[in-house]
Amino acid sequence: MSQPPYDPYGYGTHDPYAQHYSQPAQPPSVQHHYYGGSHVPVAPPTNGMATASMVCGLIGFLACGLTSILAIIFGHVAQGQIKRTGEGGHGMAVAGLILGYIVTVGWIIFWIFYIGLWAAIVGTSGTSTY
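The numbers attached to residues start from 1 for each chain and follow its sequence in the written order. Only residues with pLDDT of 70 or above have their local features reported here, since the model is predicted, and side-chain atom pairs are shown and tallied only from 80 upward, although totals for entire chains, interfaces and linings are computed over all residues. Note that water and hydrogens are dropped before the side-chain values are worked out from all heavy atoms of the structure.

### Some details on the overall build of the protein chain
Tallying secondary structure elements over the protein chain gives 4 helices and 0 strands in all. The helix and strand sequence of the protein chain, counted from the amino end, reads α-α-α-α. The cut-offs for exposure are 20% and 50% of the maximum accessible area for each residue type, with area from a 1.4 Å probe on protein chains only; residues under the lower value are buried, those over the upper are exposed, and the others partly exposed. Within the protein chain, the fraction of its 130 residues that count as buried is 18%. Here the analysis covers contacts within the protein chain between residues at least 6 apart in sequence; of these, 69% occur between residues at least 24 apart. Surface exposure here means Shrake-Rupley accessible area, sampled with a 1.4 Å probe, where a residue is shielded only by the protein chains that are shown. Here the protein chain has roughly 10,700 Å² of accessible surface; of this, 69% comes from carbon and sulfur atoms. A run of DSSP states H or I qualifies as a helix once it reaches four residues; a run of E qualifies as a strand once it reaches two. Both are numbered from the N-terminal end. Contacts were defined at the residue level, with two residues in contact if any of their heavy atoms lie within 4.5 Å.

Laid out in structure tokens, this is it:
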């Protein structure tokens, strides 16, 4: 009397695909999960202006500060809307404001030095001594 070979996976010797061809497919049973009447907490939706503020603040580095002004505007509008409606996104609005202000101040300082450098170059080229 010989035993069938050992199957380490526990599938046996039957064909796992045989049932799919011989029997019609049955829909899986539906399971309902009830948690004693308590509801699953739902996060409030994120404010769109807060998202726009953060994106414009990030793009401001590449766009020579043009979108950083929009980041400041959108950030302030988003903070007002978040206070009024209770939406999420306060952190993104603050991040957009910080990025907007930093990039705007950085580009203003850059342009002041750039224009000052040109003014110094042009001012000294007009006065020549022989």
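### Quick word on a nonpolar patch on the surface
The patches described consist of residues with a relative accessible area above 30% and no salt bridge, like charges being joined within 9 Å and nonpolar side chains (Val, Leu, Ile, Met, Phe, Trp, Tyr) within 5 Å. Salt bridge, as used here, is a side-chain nitrogen of Lys or Arg placed within 4 Å of a carboxyl oxygen of Asp or Glu. Together, Phe 110, Trp 111, Tyr 114, Ile 115, Leu 117, Trp 118, Ile 121 and Val 122 make up a nonpolar patch on the protein surface, roughly 830 Å² of accessible area in all. Tracing the sequence through the fold places Ile 121 in helix α4 (residues 90-125). By relative accessible area, Ile 121 is classed as partly exposed at 43%.

### Description of the packing of aromatic side chains
A pair of aromatic rings is counted whenever rings of Phe, Tyr or Trp (Trp by its six-membered ring) have centres within 6.5 Å, and the orientation is called stacked for planes under 30 degrees apart, edge-to-face for over 60 and tilted otherwise. Taken as a whole and assessed by the stated rule, the structure comprises 5 aromatic pairs. Here the aromatic rings of Phe 110 and Tyr 114 are separated by 5.9 Å at their centres, their planes lie at 15 degrees, and the arrangement is stacked. In this pair, Phe 110 and Tyr 114 are both assigned in helix α4, 4 residues apart and thus about one turn of the helix distant. The exposure class assigned to Phe 110 is partly exposed, which follows from its relative accessible area of 39%. Taken together, a centroid distance of 5.4 Å and an interplanar angle of 90 degrees make the contact between Trp 111 and Tyr 114 edge-to-face. Of this pair, Trp 111 and Tyr 114 both sit in helix α4, 3 residues apart, which is roughly one turn of the helix.

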